[in-house]
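The chain contents come next:
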Amino acid sequence: MKLLKALVSFIVGTLAGALGSKIFGPFGGVLGFIAGALAAWWVAQRMAFFD
């Protein structure tokens, strides 16, 4: 389950960073990566329900 959480976190962080970069440029990529990390943490916490 840890590997699945890590994979989901990586995917969510990458998508958020790419989307932020596409919309707001390089600074948006950094903000998107941070927002993605927070979203990935939230998703991983929700996945703890299945443990």
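Residues numbered from 1 in each chain as written. Predicted model: local features only at pLDDT ≥ 70, side-chain atom pairs only at ≥ 80, totals over all residues. Heavy atoms only, no water.

## Observations regarding helix α2 (residues 26–47)
Next up, step 1: Taking 1.5 Å as the rise per residue, α2 with 22 residues should run 32 Å; its terminal C-alpha atoms sit 31 Å apart, in good agreement.
Next up, step 2: Taken as a whole, α2 has its buried residues at G28, G29, G32, G36, A40, A44 and M47. Projected down its long axis, α2 carries its buried residues within an arc of 135 degrees, all on one side. When the buried face of α2 is taken as reference, the exposed residues oriented beyond 90 degrees from it are F27, L38 and W41.
Next up, step 3: Tucked into the core, α2 has its buried residues touching α1 (2–24). (Helix = DSSP H or I, 4+ residues; strand = E, 2+ residues; numbered from the N terminus. Expected span 1.5 Å × (residues − 1). Buried < 20%, exposed > 50% of the residue type's maximum accessible area, 1.4 Å probe, protein only. Arc of directions from axis to C-beta. Contact = heavy atoms within 4.5 Å.)

## Considering α1
Next up, step 1: Helix length check: α1 (23 residues) gives 32 Å between terminal C-alpha atoms against 33 Å at 1.5 Å per residue, within 8%.
Next up, step 2: The positive-phi residue at the C-terminal boundary of α1 is G25, with phi of around 85 degrees.

## A word on a nonpolar patch on the surface
Next up, step 1: A grouping of F27, V30, L31, F33, I34 and L38 is seen on the molecular surface, where their side chains present a nonpolar patch of about 650 Å² in accessible area.
Next up, step 2: Tracing the sequence through the fold places L38 in helix α2.
Next up, step 3: Under the relative-accessibility criterion, L38 is labelled exposed at 57%. (Patch = residues over 30% accessible without salt bridge, like charges linked within 9 Å, V, L, I, M, F, W, Y side chains within 5 Å. Areas by Shrake-Rupley, 256 points an atom, 1.4 Å probe, with all protein chains shown as cover. Salt bridge = Lys/Arg side-chain N within 4 Å of Asp/Glu carboxyl O.)

By themselves these figures say nothing about function.
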